[in-house]
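# Structural overview for review
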Amino acid sequence: MLRKTDDLVALRKPNSKLYIILYADDIILIAPTITSLEKLLRNCERELSRLDMAINFKKSTCLRIGSRHDVKCADIVSSSGPPFHGLKRD
């Protein structure tokens with residue numbers, strides 16, 4: 001499913017809980033598990049690479065929502081380098 005306004009594009013794979021939201025030069029990836037998030041991330045990296053673009057992981061973060069919001073996430077592995085450590089804690 002694709003929804004588009006002048007500023008926002010939202011994509012959802014049919015019969016899935018995977019979402020990609022595009023706004024200006026920002027991308028939001030939403031997935032129910034770390035494994036599915038990694039797959040979604042790798043797909044986005046591949047498509048961005050075709051456009052000669054890349055994700056800046058120094059400016060990226062991960063947010064966990066739900067009853068396990070305070071449990072540390074496993075590292076998210078990108079295809080372009082070191083693990084993405086997600087949410088930074090003080």
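Each remark here, short or long, concerns the structure printed above.
Quick look at the structure, then. (Residues numbered from 1 in each chain as written. Predicted model: local features only at pLDDT ≥ 70, side-chain atom pairs only at ≥ 80, totals over all residues. Heavy atoms only, no water.)

### Structural notes on the pairing of strand β3 (residues 19-23)
- Here β3 pairs with strand β4 (residues 26-30) via 5 bridges, running antiparallel. Residue I21 lies in a different strand from β4, and its bridge partner there is I28.
- A loop of 2 residues connects β3 with β4, the two strands running antiparallel in sequence, and A24 in this loop sits at a positive phi of about 55°. (Pairing = 2+ DSSP bridges. Helix = DSSP H or I, 4+ residues; strand = E, 2+ residues; numbered from the N terminus.)

### Points about the layout of surface pockets
- A volume near 1300 Å³ is recorded for the largest pocket.
- Lining of the largest pocket is provided by 37 residues; of these, I27, I28, L29, S60 and T61 occupy positions nearest its centre.
- Breaking the lining of the largest pocket down by element, the ones donating at least two residues are β3, β4 and α1 (34-50).
- Take the lining of the largest pocket: its biggest share by element is 7 residues, from α1.
- Taken together, the residues that form the lining of the largest pocket break down as 25 nonpolar, 6 polar and 6 charged. (1 Å grid on protein atoms, 1.4 Å probe; cavity = no way out; pocket = protein on both sides within 12 Å on 5 of 7 lines; lining within 4 Å. Points joined across faces, edges and corners; volume = space filled by probe spheres on them. Nonpolar A, V, L, I, M, F, W, Y, C, P; charged D, E, K, R; others polar.)

### Considering the side chain of E45
- Here E45 is to be found in helix α1.
- For the buried residue E45, which engages in no salt bridge, the nearest side chain bearing the opposite charge is R42, 5.7 Å off.
- Setting aside its immediate chain neighbours within four residues, E45 contacts I55, F57, S78, S79 and S80. (Buried < 20%, exposed > 50% of the residue type's maximum accessible area, 1.4 Å probe, protein only. Lys, Arg positive; Asp, Glu negative; His and termini not counted. Salt bridge = Lys/Arg side-chain N within 4 Å of Asp/Glu carboxyl O. Contact = heavy atoms within 4.5 Å.)

### Overview of unusual backbone geometry
- Its identity is not glycine, yet A24 carries a phi of approximately 55°, on the positive side.
- By the element assignment, A24 lies in the loop between β3 and β4.

### Section: α1
- Taking 1.5 Å per residue as the helical rise, α1 with its 17 residues ought to reach 24 Å, and the 24 Å between its terminal C-alpha atoms agrees with that figure.
- Of all the positions in α1, only S36, L37, E38, L40, L41, C44, E45 and L48 are classed as buried.
- Turning to α1, the residues buried within the fold contact β3 and β4.
- One or two steps after α1, the chain reaches D52, where phi turns positive at roughly 60°. (Expected span 1.5 Å × (residues − 1).)

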